[in-house]
Amino acid sequence: MSNEDIPQNLSSIHEEIEKSCKSAGRDPKEITLVAVSKTKPNEAILEAVTAGQFHFGENRMKELEDKMASISNTAIVWHFIGNLQTNKVKYISDRVNWIHSVEKAKYLKEIDKRAGQADRVVNALIQVNISDEKQKGGCKPEDLAGILESAQDYKYVKVKGLMGMATFVDNPEEVRDEFKLLKELYDSHQKYNKGSVQLEHLSMGMTNDFKVAIEEGATMLRIGSAIFGERNYD
Ligand SMILES: *Cc1c(COP(=O)(O)O)cnc(C)c1O
């Protein structure tokens, strides 16, 4: 696959999103497609931009920092979706718009501090481990309430929802219950909405399982290989 295929891939995905929304009785406008451009060159991102795609996700802090610095298009909305390192938050906070992978209260504190220094607001999602696979990251469901309570008074970080990664399986039906669990947590934690915490997004669903994620309530899809082709590494 080459960069010329990207616009066609994007339009196929939009069609599938519409179909899934229709059969689930949902409005496609509720869904934000985040194009996961990790490992892919700037040219691939720019090709997607020409096709009308403006949300991009990266999972390495350095790679995101470099791409944000070298791509000057201010219409791009940048999402960080990978493992956070406290000492590197300062390098992305002056430009990143969304961080999906907050799994501890201490990261919110650091994001608030660094975004404040840049005089801007960063949106955060709390990543919950819904798969029982340790390497997937995310807080335990029982830690979620405490993390949300810790964030209510921050000025420069707003907690907007939850993120989860399902187990890698061939048949996406097998992870439906994991998405259901995240949606249940999302519903049951609405009572923590106060100040800077307002849960209104569910980031779940990737290339292999996004249709099931839509059926279970996703509002943000993180899709990489269906747009940009297979990766040589993650
Ligand atoms: C790589 C990645 C994705 C996208 O994966 P695809 O299967 O290529 O769609 C989504 N979310 C996270 C956190 C990722 O690291």
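Everything numeric here is computed off the predicted structure, so don't read it as measured data.

Peer 1: Give me the overall build of the protein chain: which residues, what numbers.
Peer 2: From N to C terminus, the protein chain includes nine helices and eight strands. The globule rule puts the C-alpha radius of gyration for 234 residues at 17 Å, and the 17 Å found for the protein chain is close to it. A principal-axis box enclosing the C-alpha atoms of the protein chain has dimensions of 45 × 40 × 30 Å. Split into buried and exposed, the 234 residues of the protein chain put 53% on the buried side. Restricting the contact set of the protein chain to residue pairs at least 6 apart, pairs at least 24 apart contribute 61%. Carbon and sulfur atoms make up 46% of the accessible area of the protein chain, which totals about 11000 Å². Side chains of the protein chain give 32 positive and 37 negative charges; the mean places of these two sets differ by 6 Å.

Peer 1: Mind laying out helix H3 (residues 61-70), listing which residues take part and the relevant values?
Peer 2: Among the residues of H3, those classed as buried are Met61, Glu63, Leu64, Lys67 and Met68. Relative to the axis of H3, the buried residues are bounded by an arc of 160 degrees and lie together on one face. H3 presents Lys62 and Ala69 as exposed residues on the side facing more than 90 degrees away from its buried surface. Close packing links the buried residues of H3 with helix H2 (42-50), strand S2 (55-58), strand S3 (77-80) and helix H4 (89-92).

Peer 1: So what's going on with the nonpolar core? Which residues, and what values?
Peer 2: Counting 65 residues, the largest nonpolar core has Leu108 and Ile126 as its most contacted members. Residues within four places of leucine 108 in sequence aside, it is in contact with Val102, Ala124, Ile126, Ile147, Ser150, Ala151, Tyr154, Val157 and Val159. The next biggest cluster of nonpolar side chains, apart from the first, holds six residues, and it includes Val77, Met163, Met165 and Met220.

Peer 1: Please provide a residue-by-residue account of the layout of surface pockets, values included.
Peer 2: It is the rolling of a water-molecule-sized probe over the atoms that shows where space remains empty. The calculated volume of the largest pocket comes to roughly 740 Å³. Along the walls of the largest pocket sit 31 residues, with Lys38, Asn59, Met165, Phe168 and Met206 positioned nearest its centre. For the lining of the largest pocket, a count of residues per class yields nine nonpolar, 13 polar and nine charged.

Peer 1: Talk me through the pattern of salt bridges; I want residue IDs and the actual numbers.
Peer 2: Enumeration according to the criterion identifies 12 salt bridges in this entry. Here glutamate 110 makes a salt bridge to arginine 114, at a shortest N to O gap of 2.8 Å. Of this pair, glutamate 110 and arginine 114 both sit in helix H5 (residues 105-117), four residues apart, which is roughly one turn of the helix. Given the relative accessible area of 12%, glutamate 110 is considered buried.

Peer 1: So, the side chain of serine 37: which residues are in play, and what are the values?
Peer 2: Relative to the helices and strands, serine 37 is located in the loop between strand S1 (32-36) and H2. Contact partners of serine 37, with chain neighbours within four places excluded, come to Ile45, Phe56, Gly57, Glu58, Glu63, Lys67 and Phe228.

Peer 1: Can you break down the environment of glycine 161 residue by residue, with the values?
Peer 2: Here glycine 161 is to be found in strand S6 (residues 157-163). On the accessibility criterion, glycine 161 (0% relative accessible area) is buried. Counting along the chain gives 136 residues from glycine 161 to glycine 25, while the straight-line C-alpha distance between them is 22 Å. What glycine 161 contacts, discounting residues up to four positions off in sequence, is Ala124, Leu125, Ile126, Gln198, Leu199, Glu200 and His201.

Peer 1: Break down the site of the ligand for me, with residues and values.
Peer 2: Around the ligand sit Val36, Lys38, Asn59, Ile81, Met165, Met206, Thr207, Arg222, Ile223, Gly224, Ser225 and Arg231, and those are all the residues in its vicinity. The contact in question runs from a nitrogen atom of the ligand to an N or O atom on the side chain of arginine 222, over 2.9 Å. One of the backbone N or O atoms of glycine 224 is found 2.8 Å from an oxygen atom in the ligand. Relative to its free-state accessible area of 390 Å², the ligand is covered by the protein chains to the extent of 91%. When atom positions are compared with the pocket grids, the ligand is found to occupy the largest pocket.

Peer 1: Got a sec to walk through the pairing of S6? Specific residues and values, please.
Peer 2: By the criterion of burial, S6 is predominantly enclosed, with five of the seven residues buried. Relative to S6, strand S5 (residues 122-127) runs parallel, the two sharing six bridges. Paired with glutamine 127 across the strands is methionine 163, a residue of S6. Where S6 and strand S7 (residues 197-203) come together, four bridges link them in parallel fashion. Note on S7: the bridge partner recorded for leucine 162 is leucine 202. Read from S6 through helix H7 (residues 176-188) to S7, the crossover connection turns out right-handed.

What counts as what
Residues numbered from 1 in each chain as written. Predicted model: local features only at pLDDT ≥ 70, side-chain atom pairs only at ≥ 80, totals over all residues. Heavy atoms only, no water. Helix = DSSP H or I, 4+ residues; strand = E, 2+ residues; numbered from the N terminus. Rg over C-alpha atoms; globule rule 2.2 N^0.38 Å. Buried < 20%, exposed > 50% of the residue type's maximum accessible area, 1.4 Å probe, protein only. Contact = heavy atoms within 4.5 Å. Areas by Shrake-Rupley, 256 points an atom, 1.4 Å probe, with all protein chains shown as cover. Lys, Arg positive; Asp, Glu negative; His and termini not counted. Charge placed at Lys NZ, Arg CZ, Asp CG, Glu CD. Arc of directions from axis to C-beta. Core = buried A, V, L, I, M, F, W, Y, C linked by side-chain atoms within 4.5 Å. 1 Å grid on protein atoms, 1.4 Å probe; cavity = no way out; pocket = protein on both sides within 12 Å on 5 of 7 lines; lining within 4 Å. Points joined across faces, edges and corners; volume = space filled by probe spheres on them. Nonpolar A, V, L, I, M, F, W, Y, C, P; charged D, E, K, R; others polar. Salt bridge = Lys/Arg side-chain N within 4 Å of Asp/Glu carboxyl O. Near = heavy atom within 4 Å. Polar contact = N/O pair within 3.5 Å; in protein donor to acceptor, adjacent residues only side chain to side chain. Sits in = over half its atoms within 2 Å of the grid points. Pairing = 2+ DSSP bridges. Right-handed = clockwise from strand over helix to strand, strands pointing away.

None of the figures reported here should be taken as evidence of function without further support.
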